Amino acid sequence: MKAIGYISTTIILMVYASILNGWALSKLWSWFIVTTFGMPVLSIPAAIGFAMVVTYLTHQMSDKESKDEYWQTLVKGAIAATIKPLFALLFGAIVKAWL
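The sections below set out a description of the structure shown in this document. (Residues numbered from 1 in each chain as written. Predicted model: local features only at pLDDT ≥ 70, side-chain atom pairs only at ≥ 80, totals over all residues. Heavy atoms only, no water.)

Brief notes about the overall build of the protein chain
For step 1, the next point in the chain: Within the protein chain, the regular secondary structure consists of three helices and zero strands.
For step 2, the next point in the chain: Its helices and strands in sequence order give the protein chain the pattern α-α-α, from N to C terminus.
For step 3, the next point in the chain: Rg of the C-alpha trace for the protein chain: 16 Å, well past the compact-globule value of 13 Å for 99 residues, more than 25% over.
For step 4, the next point in the chain: Counting only C-alpha atoms and orienting by the principal axes, one finds that the protein chain spans roughly 50 × 25 × 20 Å.
For step 5, the next point in the chain: In the protein chain, which carries 7 positive and 4 negative side-chain charges, the distance between the mean positions of the two groups comes to 15 Å. (Helix = DSSP H or I, 4+ residues; strand = E, 2+ residues; numbered from the N terminus. Rg over C-alpha atoms; globule rule 2.2 N^0.38 Å. Lys, Arg positive; Asp, Glu negative; His and termini not counted. Charge placed at Lys NZ, Arg CZ, Asp CG, Glu CD.)

Spelled out as structure tokens, the structure:
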């Protein structure tokens, strides 16, 4: 039963992180790429797919072994998955204000 909880929680957090990253990327894309280069607007599903391709091509595996328990690792990942796109949007909004 514990394994089902781990798997379902991981899947839910992966979906949450993907949607949040896609939303942030689509906003940043429309703020900078569309206005600067006249490219088409990037929808959230397209942004999710684009981010997945970039992650797939650039992701580097870590050699360090984590001694954290599963839930600690999951919480750290959820916090990072929330903070990273929100900070990108914050700094993007600041830069957009200069344009």
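Now, onward.
A short note on the packing of helix α1 (residues 2-37) against helix α3 (residues 70-98)
For step 1, the next point in the chain: Look at α1 against α3: their axes get within 10 Å of each other, and the N-to-C directions meet at 10°. Looking at the two axes, α1 sits roughly parallel to α3.
For step 2, the next point in the chain: Of the residues that constitute the contact of α1 with α3, the class distribution is 21 nonpolar, six polar and two charged. (Axes fitted to C-alpha atoms, helices over the stretch in contact; angles between N-to-C directions. Parallel < 35°, antiparallel > 145°, perpendicular 65-115°, else oblique. Nonpolar A, V, L, I, M, F, W, Y, C, P; charged D, E, K, R; others polar.)

A word on the side chain of Ser26
For step 1, the next point in the chain: Its place among the elements puts Ser26 in helix α1.
For step 2, the next point in the chain: Reaching out from Ser26, the side chain makes a polar contact with the backbone oxygen of Trp23 at a distance of 2.8 Å. (Polar contact = N/O pair within 3.5 Å; in protein donor to acceptor, adjacent residues only side chain to side chain.)

Section: the packing of α1 against helix α2 (residues 44-58)
For step 1, the next point in the chain: Contact pair α1 / α2: the axes reach a minimum separation of 8 Å and the direction vectors enclose 105°. Comparing their axes, α2 and α1 come out roughly perpendicular. Each of Ser18, Ile19, Gly22, Trp23, Leu25 and Ser26 in α1 lies in contact with α2, whose residues at this interface are Ile44, Ala47, Ile48, Phe50 and Ala51. (Contact = heavy atoms within 4.5 Å.)

With respect to the packing of aromatic side chains
For step 1, the next point in the chain: On inspection of all chains with the given rule, the structure shows six aromatic pairs.
For step 2, the next point in the chain: Aromatic pair Tyr6 and Trp71: ring centres 5.2 Å apart, planes at 65°, arrangement edge-to-face. A residue pair is termed long-range when its members are at least 10 positions apart, and Tyr6 in helix α1 and Trp71 in helix α3 qualify at 65 residues.
For step 3, the next point in the chain: With centroids separated by 6.4 Å and ring planes inclined at 90°, the aromatic side chains of Trp31 and Phe32 adopt a geometry described as edge-to-face.
For step 4, the next point in the chain: Residue Trp31 is classed as buried on the basis of its relative accessible area, which comes to 19%.
For step 5, the next point in the chain: Judged by its relative accessible area of 21%, Phe32 falls in the partly exposed class.
For step 6, the next point in the chain: By the ring-pair criterion, three or more aromatic residues cluster together here, those being Tyr6, Tyr70 and Trp71. (Phe/Tyr/Trp six-rings, centres within 6.5 Å; stacked < 30°, edge-to-face > 60°. Buried < 20%, exposed > 50% of the residue type's maximum accessible area, 1.4 Å probe, protein only.)

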